[in-house]
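# Structure assessment
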Amino acid sequence: MEEASFDSRTCPNPNCQCGTRCSCGTQCTCGYRTIDPAKEFIIAAIEEMRVWVILMSEHAKFIRMGLDPNPLQEEFFRMADQFAVQLEQLHHTILQTSYNSSSQILIQLREQTIHKVNQLIRFKKQLLELTQQCQALAILPDILEDHIRREADRFVGTLERSKGHMTKSRKQLGIPNGEVMASTVPRFLYHRLSKEELYKVAIEEILFFSQVNSEHAHHLSMTFRPGVQEKYRQTALMFQEDFAGQLAQAEEVNQAGTGIENLLRNSYKLSSSFDQYLRGLLSEITTCTIPTKQTNFPPLLADHMHRETVYYMDILDRLKR
Ligand SMILES: [Fe+2]
Ligand SMILES: [Fe+2]
């Protein structure tokens, strides 16, 4: 999939119902407005940025909140704070920028995002090393620090892929067969892929997000208040196991070469019930109706996980088509 091989006869609108090859003009024959074909790749990148830049800002906020506030760590605190503020501003600019803006403006925004998130990746890696060596003090579990670094790597991977480059190995994303390069195709470009390419994307995304969701559930299970929030903890543990099972199922499907449709359906079903759980939890936390009125994790974390789950469900939905 190269930018240069773009075929202007293909309707670039992922919602287009009139087939993968049609002469849409400015209005798709099935009624959906089409995206300017020349801009399709950069718009696919912007769609990823709309979701992920704010999540990156929140990662920086979680780091900021998780650092021990001893005077020696003021510099780390300021760095995390700067990332949070700058990424939030960048997200605001992205939301304010129309798709009708010149390609040059959109491309500049993509480059600015890659640059900033690469800096954040380096910061996350450095912090993980220092906490592992006990040279930095925090209440951030190693697995969480690595989790947010993998999400950032995957995100930059999608932006680089929108330029035609495959830059991330499966190892960097924490999925099996580490030496293989990961596809990281932005979800708005799936309709450009061959059946084989789409299959690889499906397996990789299910492996990645099953791992990520299993870790989300694990983290929640560790941070509910002992005794008083036991039933919430038990449900989180159940989801942790279910997502781990999904990961194993994805590996089996990949080895057998059959059963992808079933896997996609099951993954969607599980993610949907996890999302329901997260939304219910968020509602109880924000209305202070959860036992003891609070949890030992910030409400924004439940909301953050909810948005990542919705994003994954959108991917599954597009892969099922
Ligand atoms: Fe995240
Ligand atoms: Fe996450």
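Residues numbered from 1 in each chain as written. Chains lettered and ligands numbered in written order. Predicted model: local features only at pLDDT ≥ 70, side-chain atom pairs only at ≥ 80, totals over all residues.

### Examining the overall build of the chain
As a reminder, the rule being used: Segments assigned H or I by DSSP are reported as helices when at least four residues long, segments assigned E as strands when at least two residues long, and all are numbered from the N terminus. Exposure in this text rests on C-beta crowding, where 20 or more other C-beta atoms within 10 Å of a residue's own make it buried, 12 or fewer make it exposed, and counts in between make it partly exposed. The C-beta atoms are placed from the backbone. Two residues form a contact once the distance between their C-beta atoms, set from the backbone, is within 7 Å.
Looking only at helices and strands, the chain features nine helices and zero strands. Walking the chain from its N terminus toward its C terminus, one meets helices and strands in the order α-α-α-α-α-α-α-α-α. Relative to its 321 residues, the chain shows a buried fraction of 38%. Considering only contacts within the chain whose residues lie at least 6 apart along the sequence, 62% involve residues at least 24 apart.

### Quick word on the confidence of the model for the chain
Interpreting fine coordinate detail is not advised for predicted regions of low pLDDT. Worth spelling out the cut-off: What pLDDT expresses is the predictor's confidence in each residue, scored from 0 to 100.
Averaged over every residue, the pLDDT of the chain is 91; the share at 70 or more is 89%. Note that residues 2-10 has pLDDT below 50 and, in this model, ten contacts with residues that lie over four places away or in other chains. Per-residue pLDDT stays below 50 along residues 19-27; that stretch engages in 14 contacts with residues further than four places along the chain or on separate chains.

### Section: the packing of helix α6 (residues 195-223) against helix α8 (residues 260-286)
Keep this limit in mind: Every angle, taken between N-to-C directions, lies between 0 and 180 degrees, and every axis is a line fitted to C-alpha atoms, over only the stretch in contact when it is a helix. Throughout this description, any angle smaller than 35 degrees is read as roughly parallel, any larger than 145 degrees as roughly antiparallel, any in the 65 to 115 degree range as roughly perpendicular, and the remainder as oblique. In this scheme the crossing of two helices becomes right-handed for a clockwise turn of the near helix relative to the far one and left-handed for an anticlockwise turn of less than a right angle. Ten residue types, Ala, Val, Leu, Ile, Met, Phe, Trp, Tyr, Cys and Pro, are classed as nonpolar, four, Asp, Glu, Lys and Arg, as charged, and the remainder, Gly among them, as polar.
Running from amino to carboxyl end, α6 crosses α8 at an angle of 30°, the nearest separation of the two axes being 11 Å. Put simply, α6 runs roughly parallel to α8. Seen from above, α6 lies across α8 with left-handed handedness. Residues Tyr199, Ala202, Ile206 and Asn213 of α6 touch α8, and the partners they reach there are Ile260, Leu263, Leu264, Ser267, Ser271 and Phe274. Of the residues belonging to the contact of α6 with α8, the class tally is seven nonpolar, three polar and no charged.

### Focus on the nonpolar core
Note the following rule: Each nonpolar core consists of buried Ala, Val, Leu, Ile, Met, Phe, Trp, Tyr and Cys residues. Their C-beta atoms, within 7 Å, join them into a set. An automatic or database domain assignment supplies the start and end points of every domain.
Among the nonpolar cores identified, the biggest contains 73 residues, and Met56, Ala60, Ala80, Phe83, Leu120 and Ala152 are the most heavily contacted of them. Those elements giving two or more residues to this core turn out to be α1 (40-66), α2 (74-96), α3 (103-132), α4 (142-161), α6, α7 (230-256), α8 and α9 (299-320). Top contributing element to this core by residue count: α1, with eleven residues. Looking at this core, you find at least three residues from each of domain 2 (39-192) and domain 3 (193-321). Leu120 has contacts with Met56, Ala60, Phe83 and Ala152, leaving out every residue within four places of it along the chain.

### Remarks on the environment of Asp317
Inspection of the secondary structure puts Asp317 in helix α9. Along the primary structure Asp317 and Leu264 are separated by 53 residues, whereas in three dimensions their C-alpha atoms are 8.5 Å apart.

### Let's talk about unusual backbone geometry
The backbone phi angle of Asn177 is positive, close to 60°, even though this residue is not glycine. Within the element layout of this structure, Asn177 appears in the loop between α5 (170-173) and α6. Look at Asn177 and you get partly exposed, because 14 C-beta atoms sit within 10 Å.

### Thoughts on the environment of Met166
Relative to the assigned elements, Met166 resides in the loop between α4 and α5. The spatial distance from the C-alpha of Met166 to the C-alpha of Thr184 is 7.4 Å, given a sequence separation of 18 residues. With residues near it in sequence (within four places) discarded, Met166 still touches Arg161 and Met181.

### Some thoughts on the packing of α3 against α4
Packing of α3 against α4 brings their axes to within 9 Å, and their N-to-C directions diverge by 160°. Considered as vectors, α3 and α4 are oriented roughly antiparallel to each other. Relative to α4, α3 is oriented so that their crossing is left-handed. When its residues are assigned to classes, the contact of α3 with α4 shows eleven nonpolar, four polar and eight charged.

### Some thoughts on α9
For clarity, the cut-off: Under the convention used throughout, the expected extent of a helix is 1.5 Å for every residue step, that is, one less than its residue count. Note that the arc is defined by the directions from the helix axis to the C-beta atoms.
Its 22 residues give α9 an end-to-end C-alpha distance of 32 Å, which sits within 8% of 32 Å, the value for a rise of 1.5 Å per residue. Inspection of α9 places Leu301, Ala302, His304, Met305, Glu308, Thr309, Tyr312, Ile315, Leu316 and Leu319 among the buried residues, and these make up the whole buried set. Relative to the axis of α9, the buried residues are bounded by an arc of 160° and lie together on one face.

### A short note on α1
Put simply, the test is: Across the chain, bend at a residue is computed as the angle between axes fitted to the seven residues ending at that point and the seven starting from it.
Here α1 spans 39 Å end to end across 27 residues, near enough to the 39 Å set by a 1.5 Å rise per residue. When the local axis directions of α1 are compared, the greatest deviation, roughly 35°, occurs at Arg50.

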